[in-house]
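A look at the structure
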Amino acid sequence: MKKFSIVIAGGGSTYTPGIVMMLLDHLETFPIRKLKLYDNDEKRQHMIGEALKIVLNERAPEIEYTYTTDPEEAFTDIDFCFAHIRVGKYEMRELDEKIPLKHGVVGQETCGPGGIAYGMRSIGPMIELIDWMEKYSPDAWMLNYSNPAAIVAEACRILRPNAKVLNICDMPVGTLRRMSQIIGKTPKELDVRYFGLNHFGWWTSVKDKEGNEYLPQIREYVKENGYLTQIEVDTQHMDPSWQETHKKAKDLLAVDPRFLPNTYLKYYFYPDEVVESSNPKYTRANEVMDGREKKVFSTAREIIEKGTAAGSEFAIGSHATFIVDLARAIAFNTHERMIMIVENNGAIANFDDDAMVEVPCIVGSDGPEPLSQGKIPEFQRALMLQQVTVEKMVVQAYIEGSYQKLWQALTLSKTVPSAKVAKKVLDDLIEANRGYWPELK
Ligand code: NAD
Ligand code: LMR
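Criteria and cut-off values
- Residues numbered from 1 in each chain as written.
- Chains lettered and ligands numbered in written order.
- Predicted model: local features only at pLDDT ≥ 70, side-chain atom pairs only at ≥ 80, totals over all residues.
- Heavy atoms only, no water.
- Near = heavy atom within 4 Å.
- Polar contact = N/O pair within 3.5 Å; in protein donor to acceptor, adjacent residues only side chain to side chain.
- Areas by Shrake-Rupley, 256 points an atom, 1.4 Å probe, with all protein chains shown as cover.
- Helix = DSSP H or I, 4+ residues; strand = E, 2+ residues; numbered from the N terminus.
- Nonpolar A, V, L, I, M, F, W, Y, C, P; charged D, E, K, R; others polar.
- Expected span 1.5 Å × (residues − 1).
- Buried < 20%, exposed > 50% of the residue type's maximum accessible area, 1.4 Å probe, protein only.
- Phe/Tyr/Trp six-rings, centres within 6.5 Å; stacked < 30°, edge-to-face > 60°.
- Lys NZ or Arg CZ within 6 Å of the ring centre and 35° of its normal.

**A short note on the site of ligand 2**
- All residues adjacent to ligand 2 are Y15, R86, Y90, R93, E109, N147, W242, Y264, R284, V288 and R292.
- At a separation of 3.4 Å, an oxygen atom of ligand 2 approaches a polar side-chain atom of Y90.
- Within the contact set of ligand 2, an oxygen atom lies 2.9 Å away from a side-chain nitrogen or oxygen of R292.
- Coverage of ligand 2 by the protein amounts to 92% of the 260 Å² it exposes when considered alone.
- Put simply, the parts of the chain that give the shell around ligand 2 at least two residues each are helix 4 (89–102) and helix 12 (284–306).
- Top element by residues in the shell around ligand 2 is helix 12. It accounts for three residues.
- Grouping the constituent residues of the shell around ligand 2 by class yields five nonpolar, one polar and five charged.

**Comments concerning the site of ligand 1**
- Taken together, 27 residues form the shell around ligand 1, and within it S13, T14, Y90, Y118 and D170 come nearest.
- Taking N40, its side chain carries an N or O atom lying 3.3 Å from a nitrogen atom of ligand 1.
- Taking E109, its side chain carries an N or O atom lying 2.7 Å from an oxygen atom of ligand 1.
- With the chains in place, 96% of the 850 Å² that ligand 1 exposes on its own is no longer accessible.
- Only helix 4 and helix 5 (112–136) provide two or more residues apiece to the shell around ligand 1.

**Re helix 13 (residues 318–332)**
- For helix 13, built from 15 residues, the straight-helix expectation of 21 Å at 1.5 Å per residue is met to within 8% by its first-to-last C-alpha distance of 21 Å.
- Counting buried positions over the 15 residues of helix 13 gives 11, a clear majority of the element.
- When helix 13 is considered as a whole, its buried residues turn out to be S318, H319, A320, F322, I323, V324, D325, L326, A327, A329 and I330.
- Downstream of helix 13 by one or two residues, N333 has phi in the positive range, about 50 degrees.

**Remarks on the packing of aromatic side chains**
- Scanning the entire structure with this criterion turns up 19 aromatic pairs.
- Both rings, one in Y38 and one in W132, keep their centres 6.2 Å apart while their planes meet at 80 degrees; by these two values the pair is edge-to-face. Here Y38 is found in strand 2 (residues 32–38), whereas its partner W132 is found in helix 5, with 94 residues between them in sequence.
- Ring-pair connections join several aromatic residues into one group, and the members of that group are F4, F30, F80, F82 and F332.
- Note that R86 overlies the ring of Y90, its terminal NZ or CZ placed 4.3 Å from the centroid.
- K423 extends its terminal NZ or CZ atom over the ring of W407, reaching a point 5.4 Å from the ring centre.

This is the structure in C-alpha cells:
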C-alpha cells in the first residue's frame, strides 16, 4: 500500500496532537512515511513538536518525523497539507469577541464582525500556505480547517481557483454524532441531505443505509432538548458554553420545524439573547485558553518532562476523524459521502452558482463531487443570500483595500443592527488589527 507524507500547518495548534493520535490509530488503512509540523511560532511549535516526537518514537519509529518553521522544508515532498492556522492566535480571537460585545453586538469567532475581522487576517497567510504547497509539492492536496472557513473558502475561490484546497468544517460531523446517539446508531451508518453555507445550514434528511428516515424522530428529541445528549459524545464541543449552544438548537428548530438546524444559526436568529448572555470580560477565547489550551500544553509538558507518553494521553475528537477520513477518500478513491464547502454550481438549484455552499459530496481522488440538494425554501434562500454576500464583500474589501465595502459587509450582517453601529465596530476592529489587515482606503 502507498505510504503518504503529511505536513500539519499550524503545528502548534491545540488540535495537532489529536490529529496525530488519530493518524497513528489508522496507520493500517492510511500508512504514513513522513510527518512534519509547520508553524510560524517557534515556541508553540517546539512544545507540541517535542511531545509528539516522544509519542512517535514510542508508537511508530518508522515514520520520518520533523517539525520546522521553514516553509521550504515543511512543504517539500508532501502529499497532503492539513491546515489549521489561527492568524493572530487567541490574543486576537479575544478581541474579535470582545470588541463587538462592547458595542452590544455578537462577539464570535466566525459569525458577525468577529468572523469578518478574523477573515481579513486569515486570507493573506492562507494564500501564502497554498502558494508554498504549489511551489514545493505541486501535486499535493490541502485539507483546510482554518477559520473562518466560509470567508477563507471564498478567498480561495477568487484568488486561487485552481488550487487543490478543500475547506472543511467539523460542526456537521460533530452534530451528526449527536444525532446518531439520539437514535442509537453510529455516524457511519447514516447518510444525510444538508444545504447551507458554512456555519449556516440545515439537515433535510437523516437516513440509514436501508433508506429509513430518522429526521422526524430526531426532531421530536431536538424540540425538547436541542442536541444535548446524556452521554459524553466527544472530546470537543463539551464546555459549558457549548452545552448552552446545543440546547439552543431547540429554539432554532422552532423557527422552521421542517429541518434540523446547524447550531451556529443561533448567532443570526437570536443575536440579542446571545449578547445579553455573554460576559464581555470572559468570552469563548478565555474558556478555550483556560480549558483546551491549558490541557493540551500541560499534557505536552508532562510528556517532555517524563520522556515518555505512557500515562499522558492526548485526546482524539470527531475533528480528527473527519480530516483523516477525507485524506483517505482522496488517497484511496473511497467515494465516501461527506459534507464539504464547495462552489455551488447548481447543487442548490435555486441559489447562485458562484456561492461557496456547504452540501454533501462524494469524495474521491479527484476531490468532492457535490450532490444535488434541489430547490430550497424562500426563507433559507433569503438568509443565505444575505450571509453569502457578506462573505463575498469581505473578500472584495480585502482585495481592493476598501473601507467602504467592509463597512457595507458589516452593515449587511444580520448580527449588526445598523450602519452606525457597524461603523463604530469597524473602526475599533481596524485599530486592533493593525499589522494584520491590509491598509483600507
Ligand atoms: P491555536 O491558536 O491553538 O493554533 C493555531 C496555530 O496556528 C498556532 O500555533 C499559531 O502559531 C499558528 N499560526 C498562526 N498563523 C500561522 C501562519 N501564518 N503559519 C503557520 N502557523 C500559523 O488554534 P486552535 O484553537 O487549535 O485552532 C486552529 C484553527 O482551527 C483555527 O483557525 C480554528 O478556528 C480552526 N478550527 C476549525 C474548525 C472547523 O471545523 N473548521 C474547528 C475547530 C477549529
Ligand atoms: C475552537 O475550537 O475554539 C473553535 O474553532 C470552535 C469553538 O470551540 O469555539
